[in-house]
Amino acid sequence: MTSASLALTGCLSSGAGGNDDSIQIGISLPLTGDFSEPGKGVRRGYEAWADYVNARGGLLGRKVELTILDDQSNADRVAADYEKLINQDGADLVFGPFSTRLVIPAAQVAKDYGFLFVEPAGAAEEVFNQGFDNLFYAAPAVAEDHYNHLAAAILAMPADQRPKTAAYAAMDDPFAQGTAYGLKGKLEAAGIRTAVDEVYPPNTTDFGSIAAKIADSRADLVVGGTQYQDAVNLILALRQLGYQPSMAAFSTAPTNPEFTKAIGEQTEGILSPTGYTPEANFPSNKEFVEHYTRMFNSPPNEDEANAWTTGQVVAAAVQAVGCADPDPDCQRRLIDWLHQNEVDTVVGKLGWDATGKPRGAHLIQQYVGGRIRIVLPAETKEADLVHPKPAW
């Protein structure tokens, strides 16, 4: 297990409980295991936010220090981590981990101790059915709503252009399945037939048999309920079989900066929902992009943005209420303030219902001319939707 905190200079030093005048923030992330790739992105986002805040005097005039533990993508370990962060490491505040599988057990620990729990990556419906009144998702939309704009665009197509069949392959993960099946439900209701519906374990690396079923179906549309490496492996397997859908959409992976390198240059036309783009003109986004890029020598993607947004949401509550400590009264005031207010963030203005579910929808991005661009909705598009998709 690793532990680190971010000091004023941005350097990593010892963990929480060090400086009595600082605000200690406890976090557990999947830095190894199945969710390590996005987990590391979330870590960078948290670190950039803390560095930015500290360079401007901290919160309530106090330096922010992060203690980040590695939960190894394990649900039991993440629960133990938050127990440790609150009970032993003296966290004043906690931020959430990555992945629905880890958010639910972590949020339960936070609730048991009365802690506010803002999280960047637990978007499946089941997160919001647990009775967590302390949880807030720091992104524009839940998993089932990620593809709403794409569904609307497909259903608006002339009948002779609209996909008639669809193939779905989803990781056995609440978020990944939620994104794919949110779209599936809307398309089936409109008469688009499901030709393949496959669910695979999170540790799957061989997609030969799933790709064969999809290729044999000749489905017009392929939808991947994916994280990162699984999407890469599935696409490579589909390409190897010569399968050429007229539309292809995958959650999470295409927005990762490593995606193009991983599958080669044949990304043209691939779609993905995203809650964030560095080009967005939301308040504070330009400063975020500039600060993050200076720290890490590349612009942020969605995982980093949602982590930064988590920091923005918590900071807004802290500044409004005027406290940041583990006292149950302080934590309750922070929770109540967020239930009653909206916060301007780098992903837009966020407000939540009683379950912590945000009220919004994701943008749809597509690789157009070798770059990933917003194509839906029309009022925010950077390029026109390309359909049918060029061969990959």
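Residues numbered from 1 in each chain as written. Predicted model: local features only at pLDDT ≥ 70, side-chain atom pairs only at ≥ 80, totals over all residues. Heavy atoms only, no water.

### What to know about the nonpolar core
- Residues Trp49 and Ile214 are the most contacted members of the largest nonpolar core, which totals 106 residues.
- Looking at this core, the element that brings in the most residues is helix H10 (residues 302-321), giving 10 residues.
- Counting 22 residues, the second-largest nonpolar core is a separate cluster that includes Leu150, Ala153, Met157 and Ile192. (Core = buried A, V, L, I, M, F, W, Y, C linked by side-chain atoms within 4.5 Å. Buried < 20%, exposed > 50% of the residue type's maximum accessible area, 1.4 Å probe, protein only. Helix = DSSP H or I, 4+ residues; strand = E, 2+ residues; numbered from the N terminus.)

### With respect to the packing of aromatic side chains
- A complete count under the given rule lists 13 aromatic pairs for this structure.
- For the ring pair Tyr46 and Phe95, a centre distance of 5.2 Å and an interplane angle of 45° mean the geometry is tilted. Of this pair, Tyr46 sits in helix H1 (residues 36-55) while Phe95 is found in the loop between strand E5 (93-94) and helix H3 (100-112), placing the two residues 49 residues apart along the sequence. Accessibility assignment for this pair places Tyr46 and Phe95 in one class, buried.
- Within the aromatic cluster, the residues linked to one another by ring pairs are Tyr52, Tyr276, Phe288, Tyr292, Phe296 and Trp308. (Phe/Tyr/Trp six-rings, centres within 6.5 Å; stacked < 30°, edge-to-face > 60°.)

### Points about the pairing of strand E4 (residues 64-70)
- The buried count for E4 comes to seven of seven residues, which makes it a mostly enclosed element.
- Along E4, one buried face is formed by Val64, Leu66, Ile68 and Asp70 and the opposite face, lined by Glu65, Thr67 and Leu69, is buried too.
- Both strand E3 (residues 23-29) and E4 contribute to a ladder of seven bridges, which runs parallel. The residue bridging Ser28 from the neighbouring strand is Leu69, located in E4.
- Taken together, E3, H1 and E4 form a β-α-β motif whose crossover is right-handed. (Pairing = 2+ DSSP bridges. Right-handed = clockwise from strand over helix to strand, strands pointing away.)

### Topic: the pairing of strand E11 (residues 247-250)
- Of the two faces of E11, both are covered, the one formed by Met247 and Ala249 as well as the one formed by Ala248 and Phe250.
- Sheet topology note: the strand E10 (residues 221-225)/E11 ladder contains four bridges and is parallel. Note that in E11 the partner of Val222 across the bridge is Ala248.
- Traced from E10 through helix H7 (residues 229-240) to E11, the parallel crossover comes out right-handed.

### Considerations on empty space enclosed by the protein
- Here the structure, examined in full by the defined rule, presents two cavities of 30 Å³ or more.
- For the largest cavity, the calculated volume is near 160 Å³.
- Surrounding the largest cavity, 18 residues form its lining, His146, Phe175, Thr252, Glu302 and Asp303 being those nearest its centre.
- Sort the elements by how many residues they give to the lining of the largest cavity and H10 lands first, with three residues.
- Residue composition of the lining of the largest cavity, by class: seven nonpolar, nine polar and two charged.
- The space that makes up the second largest cavity amounts to roughly 50 Å³.
- Every residue lining the second largest cavity is listed: Pro38, Tyr228, Thr252, Thr255, Asn256, Asn301 and Asp303. (1 Å grid on protein atoms, 1.4 Å probe; cavity = no way out; pocket = protein on both sides within 12 Å on 5 of 7 lines; lining within 4 Å. Points joined across faces, edges and corners; volume = space filled by probe spheres on them. Nonpolar A, V, L, I, M, F, W, Y, C, P; charged D, E, K, R; others polar.)

### Digging into helix H6 (residues 208-217)
- What H6 keeps buried is the set Ile210, Ala211, Ile214 and Ala215. Seen from one end, H6 has its buried residues packed into an arc of 130°, which puts them on one side. Facing away from the buried side of H6 by over 90 degrees, the exposed positions are Ser209 and Asp216.
- After H6 finishes, the residue Arg218 shows a positive phi value of roughly 55°. (Arc of directions from axis to C-beta.)

### Remarks on the packing of H6 against H7
- The interhelical angle for the contact between H6 and H7, taken along N-to-C directions, is 50°, at an axis separation of 9 Å. With respect to their mutual orientation, H6 and H7 come out oblique. The crossing of H6 and H7 is right-handed. Contacts from Ile210, Ala211 and Ile214 of H6 reach H7 at Leu234, Ala237 and Leu238.
- Split into classes, the residues belonging to the contact of H6 with H7 amount to six nonpolar, no polar and no charged. (Axes fitted to C-alpha atoms, helices over the stretch in contact; angles between N-to-C directions. Parallel < 35°, antiparallel > 145°, perpendicular 65-115°, else oblique. Left-handed = near helix turned anticlockwise from the far one by under 90°. Contact = heavy atoms within 4.5 Å.)

### Describing H3
- The first and last C-alpha atoms of H3 sit 18 Å apart over 13 residues, in line with the 18 Å expected at 1.5 Å per residue.
- Looking at the residues trailing H3, positive phi occurs at Gly114, about 75°. (Expected span 1.5 Å × (residues − 1).)

### Re the pattern of salt bridges
- By the definition in use, this model includes 18 salt bridges.
- Two residues, Arg101 and Asp172, come together in a salt bridge whose shortest N-O distance is 3.9 Å. Here Arg101, found in helix H3, pairs with Asp172, found in the loop between strand E8 (165-171) and helix H5 (174-189); they are 71 residues apart in sequence, far enough to count as distant.
- Its relative accessible area of 35% is what places Asp172 among the partly exposed residues.
- Arg332 is paired through a salt bridge with Asp336; the nearest N and O atoms lie 3.1 Å apart. Here the residue Arg332 and the residue Asp336 both occupy positions in helix H11 (residues 328-340), the gap between them amounting to four residues, near one helical turn.
- Among the residues examined, Arg332 registers a relative accessible area of 32% and is labelled partly exposed.
- Residue Asp336 is classed as partly exposed on the basis of its relative accessible area, which comes to 30%. (Salt bridge = Lys/Arg side-chain N within 4 Å of Asp/Glu carboxyl O.)

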